[in-house]
Amino acid sequence: MSSMNEMVSRPEKEGRKITLVEALREALQEEMRRDERVILLGEDIGVSGGFGGAFTVTLGLAEEFGHHRVIDTPITEAGIAGVATGAALGGLRPVADVQYGDFLFLAMDQLANHAAKLRYMSGGKLRVPLVMRAPVGATTRGAQHAQSLEAFFMHVPGLKVACPSNPYDAKGLLKTAIRLDDPVIFFEHKLLYGSKGSRKEAGGIEVFGTVPQEEYLIPFGEAKVVRSGQAVTLVANLLMVHRAMQAAKNLAAAGIEAEVIDVRTLVPFDWSTLFESVSKTGKLVIVEEDNLTGGWGAEVAARTADRCIGYLQAPIRRVAAPDTPVPFAPIMENFYVPSVERIVTAVTDLM
Amino acid sequence: MNLTPEKKLAMYRSMVLCRMFEEQVNSLFLQGKLPGTIHQAQGQEASAVGVCQALEEHDMITSTHRPHEHAVARGIPVKYLMAELFAKKTGCCGGKGGSMHIGDAALGMLPAIAIVGGGIPLAAGYALSFQYLKKPNIVACFFGDGASNIGSFHEAINMAAIWDLPVVFVCENNKYGASTAIDQVMKVKRVSDRAAAYGIPGQTIDGNEVEIVYRAMREAAARAREGKGPTLLELETYRLVGHSRSDPGHYRSKEEVAEWKKRDPIARFEATYLTEGLLTDDLIRTIRLSVEQELNEAVAFAEASPAPLPEECLTDVFNE
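For clarity, every value in this text was computed on a predicted model and none was experimentally measured.

Conventions we followed
- Residues numbered from 1 in each chain as written.
- Chains lettered and ligands numbered in written order.
- Predicted model: local features only at pLDDT ≥ 70, side-chain atom pairs only at ≥ 80, totals over all residues.
- Heavy atoms only, no water.
- Helix = DSSP H or I, 4+ residues; strand = E, 2+ residues; numbered from the N terminus.
- Rg over C-alpha atoms; globule rule 2.2 N^0.38 Å.
- Buried < 20%, exposed > 50% of the residue type's maximum accessible area, 1.4 Å probe, protein only.
- Contact = heavy atoms within 4.5 Å.
- Areas by Shrake-Rupley, 256 points an atom, 1.4 Å probe, with all protein chains shown as cover.
- Lys, Arg positive; Asp, Glu negative; His and termini not counted.
- Charge placed at Lys NZ, Arg CZ, Asp CG, Glu CD.
- Salt bridge = Lys/Arg side-chain N within 4 Å of Asp/Glu carboxyl O.
- Pairing = 2+ DSSP bridges.
- Axes fitted to C-alpha atoms, helices over the stretch in contact; angles between N-to-C directions.
- Domains from an automatic or database assignment.
- Buried area = accessible area lost by both parts, 1.4 Å probe.
- Polar contact = N/O pair within 3.5 Å; in protein donor to acceptor, adjacent residues only side chain to side chain.
- Nonpolar A, V, L, I, M, F, W, Y, C, P; charged D, E, K, R; others polar.
- Expected span 1.5 Å × (residues − 1).
- Core = buried A, V, L, I, M, F, W, Y, C linked by side-chain atoms within 4.5 Å.

## Some remarks on the overall build of chain A
Thought 1: The helix and strand inventory of chain A stands at 13 helices and 14 strands.
Thought 2: In terms of overall size, chain A behaves like a compact globule, its C-alpha atoms giving a radius of gyration of 20 Å where 351 residues would be expected to give roughly 20 Å.
Thought 3: The proportion of buried residues among the 351 residues of chain A is 63%.
Thought 4: The contacts in chain A between residues at least 6 apart in sequence include a share of 81% that link residues at least 24 apart.
Thought 5: Accessible surface computed for chain A: about 12700 Å², of which carbon and sulfur atoms make up 53%.
Thought 6: With 36 positive and 42 negative side-chain charges, chain A shows a separation of 3 Å between the mean positions of the two kinds.

Structure (structure tokens):
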């Protein structure tokens, strides 16, 4: 697509400090102003007097664009995903959302069997410009409002997967996702939203990001080296980027300089940035909030072992959640979600 | 609504093309020329043709794992369908779809959806795009009796109903979901009874009488085009063959099959119009010969077409 070639990833400068929620809202607003075909579909997203979706991302958009473009649906996740996919086939550019990523399992047939495969099954004749937004992450809501689901969708050929860690990336990636002619599963971490007021997330971290006034897009498939270092490569996404950065700071105090890579998109995956880093550091620690077995880190470990074996000076380590459902009690949840201390320990074990 | 003789003959020829296409495919399959499996629809021609003849050029249909007659009735050239069944590059899906995914959106049929009920939300969504873009078109969504028990049926029809989407839900009730009789898995008497749950009209009609199907579909389509929302049409029909190629159909009594053979939609049409004079034995022969020629050309086209390259399996996953 020619517009992709015009994309410029601008440096973060002279911008405003805004939250992830505000960044996502701006992305939706700008794309809806730019293209009449962009519509939103979801539960509680446009209700007058409502709260703009589970995490306020769509607050105010129905007032600007009308209820025919900010469409409140019944509680009907398979229906939302299927209707959005059908509308995409018919020439619209729907951005659908579920209130919690866990509910994507209800929509799995539509996403994995239809949205992902219709282009292929048609011999390349069809396009499915669909975005499905989904909040993920453990936030003391117990086992069914907490899962990290990136690996499920990374495994389905035909789906692209985004997982931004900050407002700047979230805005640029969401705008790109809307313009792509492929279905995108767009993961957002609940502790990064920065939601305010009654929708404020307990335990949320203050992630204000600098976002420029001017329009910008971020291409899929470009990871970001968010910290340079020579001793070890830490690769992470979503909330874990922040934990990895904190771990890197702690390690630096002990004289260990870690390189931190924010993957930004899992499909497509920026293998060259990762392999270049590992070739330099010789050590890799993968940090993800997903359950260990079959998480996206397993794929990263396997590919890195295959491609960088000659450079590796230590085993590849994975810091992930244990293979259990997400627990409720905060004391257990803190144990479950990879912590800064676990990342530091994983790194020092390799030294 | 009086149908012109030309329209009636067009429906007849289309039904014959559907039937003979299926018979030809069956024969080719038994000769080992077609890979995979096939789900055939002999006996259900009146519903496919009656619905599709009631549509306009830019309307859309969605189909199921039993899609051959829908595709033929929609008017997709049979050579592209045949080539797809032969797994050739010239097939309507370039050899990436196969029997269960034939279709061509540019010609008014989305690739068939082989997950039971899976196409119903897609049909509603496509209808949403028609409504949003203010197009005068509708979607005809085919599915079987078995699909009316799955969640996506409920979710999609509910959404179509609350938003008055321009879609007609066409349930071809052929009495069996694979080998399971519908009355064993559905407490209400009719699939159309379920329309009441969504506040939309539901109607059960003889799906083996092409003109009845056509008229009901025209009415439901007009309603959808006028912005009055969806209709649930239940067409009572019967497949005269097994569920798939491996099914001898022992779960159905000989008497039942014989009874439905008497209601064969093509034979009924011929009996009616031989008496009324629209058809003559000569005309029937002429039509069958022209259909046979069309099918022979389709098979020749498919057999002469190149296979896709093995590594072409790697393309068309993403647009970019």
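## Regarding the overall build of chain B
Thought 1: What chain B contains, in helices and strands, is 10 helices and seven strands.
Thought 2: If one aligns the C-alpha atoms of chain B with their principal axes, the spans along those axes are about 60 × 50 × 40 Å.
Thought 3: Buried positions account for 58% of the 320 residues belonging to chain B.
Thought 4: In chain B, of all internal contacts separated by at least 6 residues, the share reaching a separation of at least 24 is 75%.
Thought 5: Taken as a whole, chain B presents about 12900 Å² of accessible surface, with 53% of it coming from carbon and sulfur.

## As for the pattern of salt bridges
Residues and elements named next belong to chain A.
Thought 1: For the structure on display, the rule yields 40 salt bridges over all chains.
Thought 2: Among the ionic pairs, Glu-215 bridges to Lys-175, the shortest N-O distance being 2.7 Å. Residue Glu-215 is located in the loop between strand 8 (209-211) and strand 9 (224-227), and its partner Lys-175 is located in helix 8 (residues 167-179); the two are separated by 40 residues in the primary sequence.
Thought 3: Residue classification places Lys-175 among the buried positions, given a relative accessible area of 0%.
Thought 4: A salt bridge links Arg-227 to Glu-257; its shortest N-O distance comes to 3.0 Å. Of this pair, Arg-227 sits in strand 9 while Glu-257 is found in the loop between helix 9 (238-253) and strand 11 (258-262), placing the two residues 30 residues apart along the sequence.
Thought 5: Look at Arg-227 and you get buried, because its relative accessible area is 18%.

## Concerning the sheet that holds strand 2 (residues 38-42) of chain A
Residues and elements named next belong to chain A.
Thought 1: Taken in spatial order, the seven strands of this open sheet run 3-2-4-5-7-6-12, and their pairing is mixed. Edge strands, defined here as strands with exactly one partner in the open sheet, are strand 3 (70-72) and strand 12 (265-267). Ignoring strand direction, the axes of neighbouring strands in this sheet form an average angle of 20°.
Thought 2: With three bridges joining them, strand 6 (residues 160-162) and strand 7 (residues 184-189) adopt parallel strand pairing. When the bridges of strand 7 are listed, Val-161 appears paired with Ile-185.

## What about the domain arrangement of chain A?
All names here are of chain A.
Thought 1: What the domain assignment lists for chain A is domain 1 (2-211) and domain 2 (224-350).
Thought 2: Of note, the centres of domain 1 and domain 2, computed from C-alpha atoms alone, are 25 Å apart.
Thought 3: Counting residues at the interface gives 32 residues for domain 1 and 26 residues for domain 2.
Thought 4: Carbon and sulfur atoms supply 63% of the area buried between domain 1 and domain 2, which totals about 2300 Å² over both sides.
Thought 5: Taken as a group, Thr-140, Met-154 and Cys-163 account for 25% of the area that domain 1 buries against domain 2, more than any other trio of residues on that side.
Thought 6: Put simply, domain 1 and domain 2 have two salt bridges between them.
Thought 7: Arg-264 is the salt-bridge partner of Asp-169, the closest N and O atoms lying 3.0 Å from each other.
Thought 8: Here domain 1 is connected to domain 2 by 13 residue pairs in polar contact (both at pLDDT 80 or more).
Thought 9: At the level of elements, helix 7 (150-154), strand 6, helix 8 and strand 7 are the ones that each hand at least two residues to the side of domain 1 that touches domain 2.
Thought 10: When grouped by side-chain class, the residues that make up the side of domain 1 that touches domain 2 number 18 nonpolar, eight polar and six charged.

## Re the interface of chain B and chain A
Accessible area lost upon the coming together of the parts is a frequently used measure of interface size.
Thought 1: At the interface, 34 residues of chain B touch 48 residues of chain A.
Thought 2: Both sides together, the interface formed by chain B and chain A hides about 3300 Å², and carbon and sulfur atoms give 66% of it.
Thought 3: Across the contact surface, chain B and chain A share one salt bridge.
Thought 4: Across the pair Lys125(A) and Asp104(B) runs a salt bridge, and its minimum N-O distance is 3.0 Å.
Thought 5: When contributions to the side of chain B that touches chain A are tallied by element, the ones reaching two or more residues are helix 5 (119-132) and helix 6 (151-162) of chain B.
Thought 6: For the side of chain B that touches chain A, the element with the highest residue contribution is helix 5 of chain B, accounting for eight residues.
Thought 7: A breakdown of the residues in the side of chain B that touches chain A according to their chemical character gives 21 nonpolar, eight polar and five charged.

## Structural notes on the sheet that holds strand 13 (residues 284-291) of chain A
Residue and element names in this part refer to chain A.
Thought 1: The strand order 9-11-10-13-14 describes an open sheet built from five strands, whose pairing is mixed. Strands at the two margins of the open sheet, each flanked by one partner only, are strand 9 and strand 14 (317-321). Sheet twist, expressed as the average angle between the axes of neighbouring strands with direction ignored, equals 25°.
Thought 2: Relative to strand 11, strand 10 (residues 232-236) runs parallel, the two being bridged by five bridges. Residue pairing across strands places Val-232 opposite Ala-258, the latter belonging to strand 11.

## Thoughts on the environment of Met332(A)
Thought 1: Looking at the element boundaries, Met332(A) is found in helix 12 (residues 330-336).
Thought 2: Through-space distance from the C-alpha of Met332(A) to that of Thr140(A) is 9.5 Å; in sequence the pair is 192 residues apart.

## A word on helix 2 (residues 20-34) of chain A
Thought 1: With 15 residues, helix 2 of chain A should cover 21 Å at 1.5 Å per step; its first-to-last C-alpha distance of 21 Å lies within 8% of that length.
Thought 2: Along helix 2 of chain A, the residues classified as buried are Leu20(A), Val21(A), Ala23(A), Leu24(A), Arg25(A), Glu26(A), Ala27(A), Leu28(A), Glu31(A) and Met32(A).

## Thoughts on the nonpolar core
Side chains of a nonpolar character, in soluble globular proteins, are inclined to be buried together.
Thought 1: Residues Leu104(A), Phe153(A), Phe187(A) and Leu274(A) are the most contacted members of the largest nonpolar core, which totals 158 residues.
Thought 2: By residue number, the principal contributor to this core is helix 5 of chain B, which donates nine residues.
Thought 3: Summarising the domain contributions, this core has at least three residues from each of domain 1 (2-211) and domain 2 (224-350) of chain A.
Thought 4: Those residues in contact with Leu274(A) that lie beyond four places of it in its chain are Thr233(A), Val235(A), Ile261(A), Phe269(A), Leu284(A), Val300(A) and Thr304(A).
Thought 5: In this structure, Cys18(B), Ile38(B), Phe142(B) and Ile284(B) belong to the second largest nonpolar core, which totals 64 residues.

## Section: the side chain of Lys190(A)
Residues and elements named next belong to chain A.
Thought 1: Examined against the element boundaries, Lys-190 turns out to sit in the loop between strand 7 and strand 8.
Thought 2: No salt bridge is formed by the buried Lys-190; its nearest oppositely charged neighbour, Asp-102, is found at 4.9 Å.
Thought 3: The contacts of Lys-190, once residues within four sequence positions are left out, are Phe-55, Tyr-100, Pro-135, Val-136, Gly-137, Thr-139, Arg-141, His-145, Ala-146 and Glu-201.

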